[in-house]
Amino acid sequence: MIRGHLARTSADPVPATVVPLIQDLIWAHARPSDGLEHVRARPAAHGLDVYLFVRAPSDVSAVAQMRALLDRVHQPVAGHGFGILLP
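This one's a predicted model, so the numbers in the text were calculated from it and none came from an experiment.

What should I look at first to understand the environment of Val60 in this one?
Examined against the element boundaries, Val60 turns out to sit in helix H2 (residues 59-78). Overall, Val60 belongs to the exposed group, its relative accessible area being 66%. Along the backbone, Val60 and Gly47 are 13 residues apart, and their C-alpha atoms lie at a distance of 26 Å.

Here is the structure:
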């Protein structure tokens, strides 16, 4: 499991409809090579916490796979008022 944060780029509250939208955006940009098995997004004080469950041979591979996926999702997510922050 990889945990990332989506920081709200505005002071507006996070609309309830954005959680499934963000999850759908991640799925839409996932490739088989990402090994993505499950996505969970939850509202947090800074915006959203996103948990990505992946199939990978090691933790290092899992992080690399998710960084590649989140790089592809960065622009669509930014269009909805979020910036991606990784630990």
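That covers the picture; the talk isn't over yet.
Would you mind going over the nonpolar core with me for this structure?
Taken as a class, soluble globular proteins show a tendency for nonpolar side chains to be buried jointly. Formed by 21 residues in total, the largest nonpolar core has its most connected members in Leu6, Ile22, Ile26, Leu36, Leu52 and Val77. Listing elements by their share of this core, those giving two or more residues are helix H1 (18-29), strand S2 (36-44), strand S3 (47-54), H2 and strand S4 (82-85). Counting residues per element, this core draws most heavily on H2, at six residues. Contact partners of Leu36, with chain neighbours within four places excluded, come to Ile26, Trp27, Ala30, Leu52, Phe53, Val54, Met66 and Leu69.

Can you walk me through the environment of Ala30 in this structure?
Structurally, Ala30 is set in the loop between H1 and S2. Under the relative-accessibility criterion, Ala30 is labelled partly exposed at 25%. Considered as a pair, Ala30 and Val73 are 43 residues apart in the sequence and their alpha carbons are 8.7 Å apart. Those residues in contact with Ala30 that lie beyond four places of it in its chain are Leu36, Leu69 and Arg72.

Help me out: how do you make sense of the side chain of Gln23 in this one?
Along the chain, Gln23 falls in helix H1. Among the polar contacts listed, one links the side chain of Gln23 to the backbone nitrogen of Ala41, at a separation of 2.9 Å. For Gln23, the contacting residues outside a window of four places in its chain are Val39, Arg40 and Ala41.

Here is what the cut-offs are and how they apply
Residues numbered from 1 in each chain as written. Predicted model: local features only at pLDDT ≥ 70, side-chain atom pairs only at ≥ 80, totals over all residues. Heavy atoms only, no water. Helix = DSSP H or I, 4+ residues; strand = E, 2+ residues; numbered from the N terminus. Buried < 20%, exposed > 50% of the residue type's maximum accessible area, 1.4 Å probe, protein only. Core = buried A, V, L, I, M, F, W, Y, C linked by side-chain atoms within 4.5 Å. Contact = heavy atoms within 4.5 Å. Polar contact = N/O pair within 3.5 Å; in protein donor to acceptor, adjacent residues only side chain to side chain.

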